[in-house]
Amino acid sequence: MWFLCVFYHRLLDYRKPEVESLAHLFGAFQDQQNGDVPSQLQWKLPLHHHSDSPFHFVNLPSEQVARSIANRSILVKGMYELWGEGSSYEELKDSVLSYPDERKLPYLEAGSTFKITVDSFGKVMSLDEQKELIQGLSYIPFKGQVKLKNPDHNFWLIEIDNYGGNNGLPPIIQRRIFFGREVGGADRKLIPTYQLKSRTYLGPTAMDAEMAFLMANQALAASGKLVYDPFTGTGSILVGAAHFGAMTMGADIDIRVVRDGRGPNCNVWSNFKQYGLPMPVGLLRADNNRPPWRSGLKEIFDAIICDPPYGVRAGGRKSGGRKLLKGAVEPYVVPDDKRTDHIPSTAPYSLVECVHDLLDLAAKMLVMQGRLVFFYPVLRDDDCAETHFPDHPCFKLISSSEQILSSRYSRVLLTMVKVGAYTEEIALAARLKHLEFRENHVKWLQDGNLHSAVFSPIDSQLPEAGDSKFIKDPKPKYRGKYV
Amino acid sequence: MRLLTHNMLSSNIKGVEKGFPLRIEAEKVVEKPVEMNADFLKKMFEKVEWKAFVEASRSMGYSNLPEEVDPAMLESDEFLSRFHHALLELHLEEGALVCPETGRRFPVNKGIPNMLLHEDEV
Ligand SMILES: C[S@@+](CC[C@H](N)C(=O)[O-])C[C@H]1O[C@@H](n2cnc3c(N)ncnc32)[C@H](O)[C@@H]1O
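Residues numbered from 1 in each chain as written. Chains lettered and ligands numbered in written order. Predicted model: local features only at pLDDT ≥ 70, side-chain atom pairs only at ≥ 80, totals over all residues. Heavy atoms only, no water.

Quoted straight from UniProt, the Sequence similarities (unreviewed entry) entry for chain B says "Belongs to the TRM112 family." (UniProt positions renumbered as here; feature names shortened; annotations may be inferred.)

As named in an unreviewed UniProt entry, chain A is tRNA (guanine(10)-N(2))-methyltransferase, taken from Stylosanthes scabra. What the UniProt record of chain A gives under Sequence similarities (unreviewed entry) is the line "Belongs to the class I-like SAM-binding methyltransferase superfamily. TRM11 methyltransferase family." Under the heading Subcellular location (unreviewed entry), UniProt records this for chain A: "Cytoplasm".

S.K.: Just to check I follow, could you spell out helix H2 (residues 63–72) of chain A for this structure?
M.R.: Since the α-helix packs 3.6 residues into each turn, any two residues three or four apart lie on the same face. Residues and elements named next belong to chain A. Of all the 10 residues making up H2, 7 are buried; the element is thus mostly covered by neighbouring parts of the structure. For H2, every residue scored as buried is listed here: Glu 63, Val 65, Ala 66, Ser 68, Ile 69, Ala 70 and Arg 72. Where H2 is buried, its residues meet strand E1 (2–7), helix H1 (12–25), strand E4 (76–86), helix H4 (101–104), strand E8 (176–184) and helix H7 (209–218). Two to three positions downstream of the cap, the backbone nitrogen of Gln 64 sits 3.4 Å from a side-chain oxygen, assigning the N-cap of H2 to Ser 62. (Buried < 20%, exposed > 50% of the residue type's maximum accessible area, 1.4 Å probe, protein only. Helix = DSSP H or I, 4+ residues; strand = E, 2+ residues; numbered from the N terminus. Contact = heavy atoms within 4.5 Å. Polar contact = N/O pair within 3.5 Å; in protein donor to acceptor, adjacent residues only side chain to side chain.)

S.K.: Can you walk me through the sheet that holds strand E10 (residues 247–252) of chain A in this structure?
M.R.: In a beta sheet, neighbouring strands are held together by backbone hydrogen bonds and run either parallel or antiparallel to one another. Residue and element names in this part refer to chain A. Strand order in the open sheet formed by 7 strands is E11-E10-E9-E12-E15-E17-E16, with mixed pairing between adjacent strands. Edge positions in the sheet fall to strand E11 (282–285) and strand E16 (395–404), since each has one partner strand and no second. Averaged over all pairs of adjacent strands, the angle between strand axes in this sheet comes to 15°, irrespective of strand direction. Pairing of strand E12 (residues 301–306) with strand E15 (residues 366–379), which is carried by 5 bridges, proceeds in the parallel orientation. Residue pairing across strands places Ile 305 opposite Val 373, the latter belonging to E15. Along the sheet, helix H12 (residues 351–365) makes contact with strand E9 (226–229), E12, E15, E16 and strand E17 (409–418), crossing E15 at roughly 165°. (Pairing = 2+ DSSP bridges. Axes fitted to C-alpha atoms, helices over the stretch in contact; angles between N-to-C directions.)

S.K.: Is there a simple way to explain the interface of chain A and chain B in this structure?
M.R.: Frequently, the measure chosen for interface size is the accessible area removed from exposure when the parts meet. Listed as interface residues are 47 residues of chain A and, on the opposing side, 32 residues of chain B. Taken over both partners, the interface formed by chain A and chain B buries close to 3500 Å², and the fraction arising from carbon and sulfur atoms is 59%. Summed over the three residues of chain A that lose the most area to chain B, namely Arg 259, Arg 285 and Arg 294 of chain A, the buried surface amounts to 20% of that side. Joining chain A to chain B, the criterion identifies 2 salt bridges. (Buried area = accessible area lost by both parts, 1.4 Å probe. Salt bridge = Lys/Arg side-chain N within 4 Å of Asp/Glu carboxyl O.)

S.K.: Would you take a moment to explain the sheet that holds strand E3 (residues 105–109) of chain B for this structure?
M.R.: Residues and elements named next belong to chain B. Ordered in space as E1-E2-E3-E4, the 4 strands form an open sheet in which the pairing is antiparallel. The two strands at the open ends of the sheet, each matched to only one other strand, are strand E1 (23–31) and strand E4 (112–113). Relative to E4, E3 runs antiparallel, the two being bridged by 2 bridges. Residue Asn 109 lies in a different strand from E4, and its bridge partner there is Ile 112. Those strands touched by helix H4 (residues 77–89) are E1 and strand E2 (90–98), and its axis lies near 60° from that of E2.

S.K.: Looking at this model, I keep getting lost on the confidence of the model for chain A. Mind explaining?
M.R.: Predicted coordinates in regions of low pLDDT should not be interpreted in detail. Overall, the prediction assigns chain A a mean pLDDT of 84, with 78% of residues at 70 or greater. Contacts from residues 448–483 of chain A, a stretch scored under 50 in pLDDT, to residues over four places away or in other chains number 65 contacts. (pLDDT = per-residue confidence, 0-100.)

S.K.: Is there a simple way to explain the pattern of salt bridges in this structure?
M.R.: Side chains bearing opposite charge may pair, as long as their charged atoms lie close to each other. Residue and element names in this part refer to chain A. Counted by the stated rule, this structure contains 21 salt bridges over all chains. Between Glu 63 and Arg 67 there is a salt bridge, with its nearest N and O atoms 2.7 Å apart. With Glu 63 and Arg 67 both in helix H2 and 4 residues apart, the pair spans about one turn of that helix. Residue class for Glu 63 comes out buried when judged on its relative accessible area of 16%. On the accessibility criterion, Arg 67 (28% relative accessible area) is partly exposed.

S.K.: When you look at the packing of aromatic side chains in this model, what are you seeing that I'm missing?
M.R.: The description of an aromatic ring pair rests on the distance of the ring centres and on the angle between the ring planes. Residue and element names in this part refer to chain B. Within the structure shown, the criterion is met by 28 aromatic pairs over all chains. Considering the side-chain rings of Phe 45 and Phe 79, the 6.1 Å spacing of their centres and the 85° angle between planes classify their relative orientation as edge-to-face. Here the residue Phe 45 occupies a position in helix H2 (residues 38–47), and Phe 79 occupies one in helix H4, the gap between them amounting to 34 residues. Looking at Phe 45, the relative accessible area reads 11%, which means it is buried. On the accessibility criterion, Phe 79 (7% relative accessible area) is buried. Taking the centre distance of 5.9 Å and the plane angle of 85° together, the rings of Phe 45 and Phe 83 count as edge-to-face. Of this pair, Phe 45 sits in helix H2 while Phe 83 sits in helix H4, and the two are 38 residues apart along the sequence. (Phe/Tyr/Trp six-rings, centres within 6.5 Å; stacked < 30°, edge-to-face > 60°.)

S.K.: What is the right way to look at the packing of H7 of chain A against helix H8 (residues 236–243) of chain A in this model?
M.R.: When two helices pack together, their arrangement is captured by the angle between the axes and the distance separating the axes. Residues and elements named next belong to chain A. Contact pair H7 / H8: the axes reach a minimum separation of 8 Å and the direction vectors enclose 60°. Between H7 and H8, the angle falls in the class oblique. As H7 packs across H8, the resulting crossing turns out to be right-handed. Packed against H7, whose contacting residues are Ala 212, Phe 213, Met 215 and Ala 216, the element H8 presents Ser 236, Ile 237, Gly 240, Ala 241 and His 243 at the interface. Split by residue class, the contact of H7 with H8 holds 6 nonpolar, 3 polar and no charged. (Parallel < 35°, antiparallel > 145°, perpendicular 65-115°, else oblique. Left-handed = near helix turned anticlockwise from the far one by under 90°. Nonpolar A, V, L, I, M, F, W, Y, C, P; charged D, E, K, R; others polar.)

Following this line, the structure appears as structure tokens:
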């Protein structure tokens, strides 16, 4: 069954993967047995639209699935049963009239309530114009009562015009008019409710609420599942997963961040309490380079979601001082009387090593079909070279969604599904790699530096108006953050 | 720290062969009610090292868990609620986790176990 799926015009790369993930969550692929290959939805574009358009058609097994997806999504403005479309109001009329009566009449019955909303993209319509358009729909035999608040049925007349793309929309869309019945839409109230401005305990790299929800959706967070963030910081990513009912667990190397916060009512726990969410089932201080899990433990997390410590903004640390890992000095033996309060020194953690540790942890600790969802930094000038994302024999990459942070840097949200078991061979290879990293620590550090500025504060990297680098920007400006 | 977390942790100090289970030194234990989720409990049941779990719950002052278990018990509401209570409702607020091999103490403050290793332990 095809539905018209209208997106908010934001985070363009994140839109379809979100719908795909939620389709999995709500069982859209239940009848398809494709073995390990994750199934994909069928998509179509309206006439003359290109893939960045807010308008798409998507094929879903039922209205129930479409509603569940739309209501839980962050980026779906509305999912509609399309009754007709055209390039003019005459064409629209013919199209609606030829849509089968048995699909329409049940929603037009006397005794029901309904509302028609006019939505225009690319031009502002006065109330009078809207009224006129609604009156123009008199060829549809509405028998119900108009009710503006909570009607039984919501109808939408959506017009989109070609207007040169100067207010953020892709430029090549041509006039198209849709009429449809709403099946569901995102609850955008979530975002003001959870916005970071209202969060009691914040850190410099707290994940904004919209992105945290998107990550939770990519991770298929749901009741009865256990979701882990090995770089939990203030817990803002887990807050998103907890909102969708998942049990959460987090670790961080920084004891002040994860344990102390800013006092008894301003810490990771309070960030959950604030929204009436269940507390994480576990919070601990640990180094993801030396995970504290017992050796027999595996396949316990349903998802791992995180924003790893890349670069300078929240540079990663790992146990063992810098000189020590280089092998230059004998380990400092902590005197027994100092042990309890001792703050172990930590060494910088390179991008490559950090990603290696994360993939190894996920390969071992995720259930089969479990998801690893994490950010990965890329340099945007790398256009000639295909961006190479990390890979691992246990994982299949199912989506990569770019968010432009500045003219030079992007971060890409990667979603990987665990499709292979963590075998002895893989474990051994990972152990060898771990040792190699220790040997080559300094070399890796230098290689890793390539990406070191990626996660420095976004604002300081925004180009000045008229910055020539920005004008040469190879990617269209309506993408990602610039929407 | 709840016993679910305890059951997952071990002392991974360099050279230690058997760092699990960590012995619990309980200074302050609190109980916090949590809504029960049977599906979650059933999944966790398969992962938990039962002997260590029973021992740990005893050191937190709760001795109502059977020594031996089999999956059929998951059908019993009585068993599920005890398992739930021990796994998720008992919190170690203050205390320590002690490495069974070396005696190294991993402190637990404000409910957070500090599992970071010292320089000479990695
Ligand atoms: C980009 S921040 C993530 C912030 C988090 N999403 C939040 O909401 O606050 C990265 C975090 O990783 C932590 N970290 C750095 N190195 C680590 C390591 N080796 N193991 C575990 N955590 C580490 C830092 O203390 C920091 O809190």
